[in-house]
Amino acid sequence: MSNTLLISASAAVGWIVGIVIGLIIGAAVGISVYLLIRKKKMGDAKQLANKMVEEAIAESKTLRKEAILEGKEEVHKLRVDFDMEMKERRAEVQKSEQRILQKEEALDKKEETLDKKLESVEQTKSDLKKREEEIAKKREEVAAAHDRIVSEIEKVAGLTKEEAKAQLIEAIEEEARKDAAKLVREIEQSAKEEADKKSRDIVAQAVQRCAVDHSAEITVSVVNLPNDDMKGRIIGREGRNIRALENATGIDLIIDDTPEAVVLSGFDPVRREVARITLEKLIADGRIHPARIEETVEKTRRELDIQIKEAGESAMFEAGVFGLHPDLIKLLGRLKYRTSYGQNVLKHSLEVSHLAGIMASELGADVNLAKRAGLLHDIGKAVDHEVEGTHITIGADLAKKYKESKEVIHCIAAHHNDIEPQTVEAIIVQCADAISGARPGARRESLDNYVKRLEKLETIANGFNGVEKSYAIQAGREVRIIVKPEQVDDEGTVFLAKEIAKQIEKEMEYPGQIKVNVIREMRSVEYAK
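What you are looking at is a predicted structure, and each value in this text was computed from that prediction instead of being measured. (Residues numbered from 1 in each chain as written. Predicted model: local features only at pLDDT ≥ 70, side-chain atom pairs only at ≥ 80, totals over all residues. Heavy atoms only, no water.)

J.: Looking at this model, I keep getting lost on helix α4 (residues 240-249). Mind explaining?
T.: Since the α-helix turns once every 3.6 residues, residues separated by three or four places project in the same direction. Looking at α4, one finds that the buried residues are Asn241, Ile242, Ala244, Leu245, Ala248 and Thr249. The buried side chains of α4 occupy one side of the element, clustering within an arc of 160 degrees when seen end-on. If you follow the buried residues of α4, they end up packed against α3 (229-235), β2 (252-254), α5 (269-285) and α6 (290-319). Where α4 ends, the next residue or the one after it, Gly250, has phi of about 75 degrees, a positive value. (Buried < 20%, exposed > 50% of the residue type's maximum accessible area, 1.4 Å probe, protein only. Helix = DSSP H or I, 4+ residues; strand = E, 2+ residues; numbered from the N terminus. Arc of directions from axis to C-beta. Contact = heavy atoms within 4.5 Å.)

J.: Looking at this structure, I do not really get a nonpolar patch on the surface. What am I missing?
T.: Among the surface-exposed residues, Ile16, Val20 and Ile24 lie close enough to one another that they form a single nonpolar patch of about 280 Å² accessible area. Relative to the assigned elements, Val20 resides in helix α1 (residues 2-157). A residue is classified by how much of its surface remains accessible, and Val20, at 41% relative accessible area, is partly exposed. (Patch = residues over 30% accessible without salt bridge, like charges linked within 9 Å, V, L, I, M, F, W, Y side chains within 5 Å. Areas by Shrake-Rupley, 256 points an atom, 1.4 Å probe, with all protein chains shown as cover. Salt bridge = Lys/Arg side-chain N within 4 Å of Asp/Glu carboxyl O.)

J.: Help me understand unusual backbone geometry, please; the structure alone is not making it clear to me.
T.: Within the chain, Glu238 stands out as a residue other than glycine whose phi angle is a positive 55 degrees. Tracing the backbone shows Glu238 in the loop between α3 and α4. Judged by its relative accessible area of 72%, Glu238 falls in the exposed class. Here Lys403, not a glycine, exhibits a phi torsion of approximately 65 degrees, which is positive. Relative to the helices and strands, Lys403 resides in the loop between α10 (391-401) and α11 (406-414).

J.: I tried to follow the pattern of salt bridges on my own but got confused; where do I start?
T.: Side chains carrying opposite charge are able to pair once their charged atoms draw close together. Per the stated rule, a full pass over the model turns up 12 salt bridges. When the shortest N-O distance is used, the salt bridge between Arg276 and Glu280 registers 2.9 Å. Of this pair, Arg276 and Glu280 both sit in helix α5, 4 residues apart, roughly one helical turn. Exposure remark for Arg276: the relative accessible area of 21% places this residue in the partly exposed category. Take Glu280: its relative accessible area is 37%, and that puts it in the partly exposed class. Two residues, Glu507 and Lys456, come together in a salt bridge whose shortest N-O distance is 3.2 Å. One end of the pair, Glu507, is in helix α14 (residues 490-507); the other, Lys456, is in helix α13 (residues 447-462), and 51 residues separate them in sequence. We classify Lys456 as partly exposed; its relative accessible area is 34%. Residues participating in the shared-partner salt-bridge network are Asp285, Arg287, Arg292 and Glu295.

The following block contains the structure:
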């Protein structure tokens, strides 16, 4: 077994040695073959390289020849271009030289002309100098002649130069003033005609749309009695009833010979109304004694307060004005029992509100503001018997107190021109107030006040220089003034009328407007003998 193994091992080793030897022989043979093939390839490559070198040398010679030919052609072309450019430049230089020569010739000619002109100018200067000397001499002669003429004129006219100049200026000023007055009169006439036309249309439309009844009221009330025996019961024993009634109401009772009537007199219309209603109730009841009088007066006051509030609310709704303070509504209702020149103030305020609203709508102003200010413009008259000051100041303070707008307060304060109106609505309220107060029969004046107003108009007019006579006519709505023709010329009448109108506006109070009519009449009288 071991021997077999040894034999197998020996065989295996033999095989391995054989394989190794075979591999070595194969490798030697392969190397030899590789070396032979490489040597052959190197010979072929060397031949190929030599061939390529020869071809490159031949091609480079060809390219060199071509490049030399192209260079010669390019040089020839450049030389031709250069020759042409040089020819053109030579031509241009020749043209420039020719132009320069022409300019030199022209300059030479101009220089000759200038020399001639300079010689002429020198000659002219010399002539001008001589003429200036001659003119200076003539000026001296003219000045001397002027002085002699002025001196002679002054002797003949009896005036110096300054005096004549002053007279001339004065004459020119006078003529300019006349022309200005004439122009002013024409412009004013044209503007007045246009304004009158438009204002008449607006006022006529406003008055037509707001026509109310007027009734003149006075400061007394009359209570009718069923019989004259009632007078004794009103007076009472030893006059206690009449005293109780007067003390409770603050109104005077006048019991005289007037049949079946008792007169109540007092300036406070509310108190007078309380007294009237109280007396009528007492007469109807028949029980007249101090206790009953005081009870009835108190009850009547409460009832009248309700009526006053209702009157204020009714006026507010009628005017279309809303949002008034409750206290203002009560004050407005009190105007129902207040009169001004015999005109009921509440009716007057309603009418002013309507007129102001209509005119504001026509003029494009604030209608609501105009109506509100028109309704409240005389609100101060509701308490002017109790508070000191004019009804304008009181009304403005009341409006401010009850949170009315600044515009309404301004309209109230400016409706009698106590302050200058600053808004269109304030002017509208002024106009509406004047229209309402100026209606025929709307207001009444006492004879004394009427006569005083006429006298005041004539006094103001007579206070101006050049006025000969003045006449107040048409119930004081026009004043006609006759001027002295030798003191006031036609143009001066325009300025005189303006000055008199301004003075009337400043010193007087009146409803509506007053026409100032200045008349100048020139008469020449001669007698044939």
